[in-house]
Amino acid sequence: MTLIKSISGIRGTIGGRTGDTLNPLDIVKFTTAYAKFIGGKKIVVGRDGRISGPMVRDVVCGTLVGMGYEVIDIGLATTPTTELAVRWHEADGGIIITASHNPRQWNALKLLNREGEFLTAADGAEVLSIAEREDFEYAEVGELGHVVKDDTMNRRHVESVLQLRLADVEAIKKRHFRVCADTINSVGGIILPELFEALGVDYEILNGECTGEFAHNPEPLEKNLQGIMDKMRQGGFDLGIVVDPDVDRLAFICEDGKMFGEEYTLVSVADYVLSEEVKVKSEKSATAKTLYTVSNLSSTRALRDVTEKLGGKYTAAAVGEVNVTTKMKEVGAIIGGEGNGGVIYPESHYGRDALVGIALFLSSLAQKGMKASELRRTFPDYQIAKNRIDLTPETDVDAILVKVKEMFAKDPDAVVNDIDGVKIDFPEKWVHLRKSNTEPIIRVYSEAQTMEEADELGKQLMQVVYDFQ
């Protein structure tokens, strides 16, 4: 497996030949390049529960010490916890050791700026350039850095969620929710119980031991979640909650064992936030500013629909958290995120955060007095087919995307968007092809009124790619 180097960091499998996978030499090189780019004195390091996490952490921390940095090691922590910790420690940056939803053999370095947000494309490119040049200089012996451990960040993260203006803690406590959560043998098993206890939620955790031995494929998709879905069908729970290994993605399961829909995590939370903000807006002035929401091009149209229904305005961004947050800042969005279950709520921070999503979703359920299945039926019903095409080293992705764009450029019913791969919008459906930043694949997402129609549209475009190859 080729080491994947992108503006968001480096990612690869552990073990194997040097240059082919994520190994200590690469970790040292990219950590050094990042430290040189940041040019500060203090960096926060956090990791998920992966088996390789301690090894990667030791190499990262040792390298930063060699560069003269004070390293704040917050230990086992979610991605959003680490992002917040950068701000709370007033650090110059942060490194998150996680491969997110990838299987157990993967790991990665995700790089943060002093705001606790992912590096911009330009900054990420500069780090890659520094790494390639290997023009490194380490600290003299008397100027070596040191490591400080801080195990308080999980608790502070939970406390910050409870303090959010729209987190209705009292309403949640009065509902006496009982939830079942699958934390996929990673850091969710550490922090979610703290959140549930603070919210007065009764809970049962599946795969709660933080061993890194994932009980199933860690991507929170329906095909991987039969265990918790079966558990929910047995009854006794109001809601099923699923997170990925670094707890920035969030999926819900209804009380009847059916998927709420990963795409609808953001839709439901945004609907709640917008509704609450509309109340405030009407109380203040009819001329108050427009309420904006943002998601990426591969996310469901349902967010646009609920936004416009409540008088707001929806804007799309290129795929990638930094692209979404950049667009959110540009338009002043009150909420945004990605259709993979990523909720970004600026009142907390500009990062996907499952804890924030859980608190806001439970607040909505509590205030409305609804079951999860009832809430789901209040939203527009679209179906997204998520397919992929595995790439070979010989695949010319750019040429393929140009070919697809040319095919639909003259179609009067098609609107072609090429800011991120190629997205083709039709009146009742859409399809989006783009090269993944994290895996050697082309992602093919398509949406329509039925799964059959969505899948058929995606397969049509996939065949174009196969024919071209």
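Since the model is a prediction, treat every value here as computed from it, not as a measurement. Starting afresh in each chain, residues are numbered from 1 along the sequence in its written order. Where totals are concerned, whole chains, interfaces and linings use all residues; where local detail is concerned, this predicted model gives features only for residues with pLDDT of at least 70, and gives and counts side-chain atom pairs only at 80 or more. To obtain the side-chain values, all non-hydrogen atoms of the structure were included, while hydrogens and water were left out.

1. Describing the sheet that holds strand β15 (residues 342-344)
Moving on, step 1. The mixed open sheet is built from four strands, whose spatial order is β13-β12-β14-β15. Across the chains shown, the open sheet's two edge strands, defined by having one partner strand only, are β13 (313-317) and β15. The mean angle between the axes of side-by-side strands here comes to 20°, regardless of whether they run parallel or antiparallel.
Moving on, step 2. Think of it this way: DSSP has to see at least two bridges between two strands before they count as a pair. Elements are defined by DSSP. Helices are runs of H or I of four residues or more, strands are runs of E of two residues or more, and each kind is numbered from the N terminus. Where strand β12 (residues 292-296) meets β13, five bridges bridge the pair, whose relative direction is parallel. Looking at β13, one finds that Y292 is bridged to K313. To get an axis, fit a line to the C-alpha atoms, keeping to the stretch in contact for a helix; angles then go from 0 to 180 degrees between the N-to-C directions.

2. Digging into the environment of Q449
Moving on, step 1. Looking at the element boundaries, Q449 is found in the loop between β20 (441-448) and α15 (451-468).
Moving on, step 2. Residue exposure (1.4 Å probe, protein chains only): buried if accessible area is under 20% of the type maximum, exposed if over 50%, otherwise partly exposed. Given a relative accessible area of 40%, Q449 falls into the partly exposed group.
Moving on, step 3. Separated by 20 residues in the primary sequence, Q449 and K429 place their C-alpha atoms 7.5 Å from one another.
Moving on, step 4. When checking whether two residues touch, look at their non-hydrogen atoms; a contact exists if any pair is within 4.5 Å. With near-sequence residues (within four places) excluded, Q449 lies in contact with D381, Y382, Q383 and E428.

3. Focus on the pairing of strand β2 (residues 9-13)
Moving on, step 1. Most of β2 is tucked away, with five of its five residues classed as buried.
Moving on, step 2. The alternating pattern of β2 places G9, R11 and T13 and I10 and G12 on opposite faces, both of which are buried.
Moving on, step 3. Note that strand β1 (residues 4-6) and β2 share three bridges and pair antiparallel. Within β2, the residue paired with K5 across the bridge is I10.
Moving on, step 4. Sheet topology note: the β2/strand β6 (residues 106-112) ladder contains five bridges and is antiparallel. Within the sheet, the bridge partner assigned to I10 lies in β6 and is L109.

4. Some thoughts on helix α4 (residues 121-133)
Moving on, step 1. Across its 13 residues, α4 extends 19 Å between first and last C-alpha, which sits within 8% of the 18 Å expected from 1.5 Å per residue.
Moving on, step 2. Here α4 has its buried residues at G124, V127, I130 and A131. End-on view of α4: buried residues confined to an arc of 120°, all on one side of the axis. Pointing more than 90 degrees away from the buried face of α4 are the exposed residues A122 and E132.
Moving on, step 3. The inward-facing, buried residues of α4 abut α1 (24-38) and β6. By this rule the span expected of a helix is its residue count minus one, scaled by 1.5 Å. The arc in question is traced by the directions running from the helix axis to the C-beta atoms.

5. With respect to the pattern of salt bridges
Side chains carrying opposite charge are able to pair once their charged atoms draw close together.
Moving on, step 1. The salt bridge definition used is simple: a Lys or Arg side-chain nitrogen within 4 Å of an Asp or Glu carboxyl oxygen. Using the criterion set out here, one finds 33 salt bridges in the structure.
Moving on, step 2. Residues K327 and E330 are paired through a salt bridge, measuring 3.3 Å at the closest nitrogen-oxygen approach. Linking K327 with E330, this pair stays in helix α11 (residues 321-331), spanning three residues, or about one helical turn.
Moving on, step 3. Given a relative accessible area of 58%, E330 falls into the exposed group.
Moving on, step 4. Through salt bridges that share partners, E219, R249, E262, E263 and K386 make up one connected network.

6. Observations regarding the nonpolar core
Moving on, step 1. The biggest cluster of nonpolar side chains holds 57 residues, and the ones touching the most others in it are L192, I241, V273, I335 and I358.
Moving on, step 2. Considering every element that reaches this core, the biggest residue donor is helix α12 (residues 354-368), with 10 residues.
Moving on, step 3. Leaving out residues up to four positions away in the same chain, V273 has contacts with L166, I334, I335, Y345 and L360.
Moving on, step 4. In terms of nonpolar packing, the next biggest core, distinct from the first, is built from 28 residues, L3, I43, V60 and C61 among them. Residues belong to a common nonpolar core when they are buried Ala, Val, Leu, Ile, Met, Phe, Trp, Tyr or Cys residues joined through side-chain atoms within 4.5 Å.

Keep in mind these values describe shape, not function.
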